[in-house]
Each structure stands twice: as structure tokens, then as C-alpha cells.
Amino acid sequence: GLRAYAPWEELRSKAGTVTRQTCWYVRNGCRCDYTYGSTRIRASAPNPKFENFMEDLLATLCEKMCPALPKEQWPNSANLRNLYTRPSHSVAWHADDESLFLGRE
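It should be emphasised that the depicted structure is a prediction, and the values quoted were computed from it without experimental measurement. (Residues numbered from 1 in each chain as written. Predicted model: local features only at pLDDT ≥ 70, side-chain atom pairs only at ≥ 80, totals over all residues. Heavy atoms only, no water.)

Draft legend 1. Local environment of empty space enclosed by the protein. Counting across every chain of the model gives one cavity of 30 Å³ or more. Taken as a whole, the largest cavity encloses approximately 30 Å³ of empty space. Contributing to the lining of the largest cavity are P7, E9, W24, I41, R42 and S44. Classifying every residue of the lining of the largest cavity gives three nonpolar, one polar and two charged. (1 Å grid on protein atoms, 1.4 Å probe; cavity = no way out; pocket = protein on both sides within 12 Å on 5 of 7 lines; lining within 4 Å. Points joined across faces, edges and corners; volume = space filled by probe spheres on them. Nonpolar A, V, L, I, M, F, W, Y, C, P; charged D, E, K, R; others polar.)

Okay, here's the thing in C-alpha cells:
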């Protein structure tokens, strides 16, 4: 499912070493990009299998966690971050304080 069909992108350190992979999922017309440091992950159309997987996952989560939330108010993006596939993959200590998510308010 997720690992096979998601459009994973490699993230690199300042030295150019691959540190991990990430996936930025957008839906319902969202075209926003996501930025990790100096790396920009572009919003792109996912393949149908990944899109169906994510829609099913979103429905399961929203229906269980926020049953009163109307479907049109469900999130329009998700960051599937930090997939480590090699022993050399890692990330240094940091704060997830991206302004996109109001982390620096």
C-alpha cells in the first residue's frame, strides 16, 4: 500500500547525502508545496492506487476522531514524513515548527 504507491522523494543533507524519504499528499485542489529547510516538495497528482489508499485512510481517521466534522472540512494535505529505508538514514534533533502549520506564531 503506502510504501509501494506513495510518491516518495529523497531528502538530502547539506552535504548531499540522502538522509530519508518524504511524501507530500494534497487533495481537493490544494496546490501548496511543502518545504524542508531548502528542499521544496511540490504538490503533484498522485497515482490512483495511492490516492485511493489515502482517501480511505483519511475517511477512517476523520470518521473515528472527528465524526461531527463535515467531509468538506477534512484536511486537504498530509505530510508522510521520514521514511527510513537504510541504516544510514537519520535526522538530527530539530523542531517541527513550520510556519505552514502555524508553528512559529
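Text resumes after the structure shown.
Draft legend 2. Looking closely at the pattern of salt bridges. In the structure shown here, the tally under the stated rule is five salt bridges. Among the ionic pairs, E55 bridges to R27, the shortest N-O distance being 2.7 Å. Here E55, found in helix 2 (residues 48-65), pairs with R27, found in the loop between strand 2 (18-26) and strand 3 (34-36); they are 28 residues apart in sequence, far enough to count as distant. Linking D33 and R42 is a salt bridge whose minimum nitrogen-to-oxygen distance equals 2.6 Å. What you see here is one network of salt bridges that share partners, running through E10, R12 and R86. (Salt bridge = Lys/Arg side-chain N within 4 Å of Asp/Glu carboxyl O. Helix = DSSP H or I, 4+ residues; strand = E, 2+ residues; numbered from the N terminus.)

Draft legend 3. Looking closely at the confidence of the model for the protein. For the protein, the average pLDDT comes to 86, and 90% of its residues sit at 70 or higher. For the protein, the element scoring lowest by mean pLDDT is strand 3, at 82; helix 2 scores highest, at 94. (pLDDT = per-residue confidence, 0-100.)

Draft legend 4. Here's a closer look at the pairing of strand 2. With nine of nine residues buried, strand 2 lies mostly within the body of the structure. With four bridges joining them, strand 1 (residues 9-12) and strand 2 adopt antiparallel strand pairing. Its bridge partner being in strand 2, L11 is matched across the sheet by R20. From the end of strand 1 to the start of strand 2, which pair antiparallel, there are five residues, and G16 there has a positive phi angle of about 95 degrees. Judged from the five bridges that link them, strand 2 and strand 5 (residues 77-83) form a sheet pairing that is antiparallel. Each bridged residue has a counterpart across the sheet, and for Y25 the counterpart in strand 5 is A78. (Buried < 20%, exposed > 50% of the residue type's maximum accessible area, 1.4 Å probe, protein only. Pairing = 2+ DSSP bridges.)

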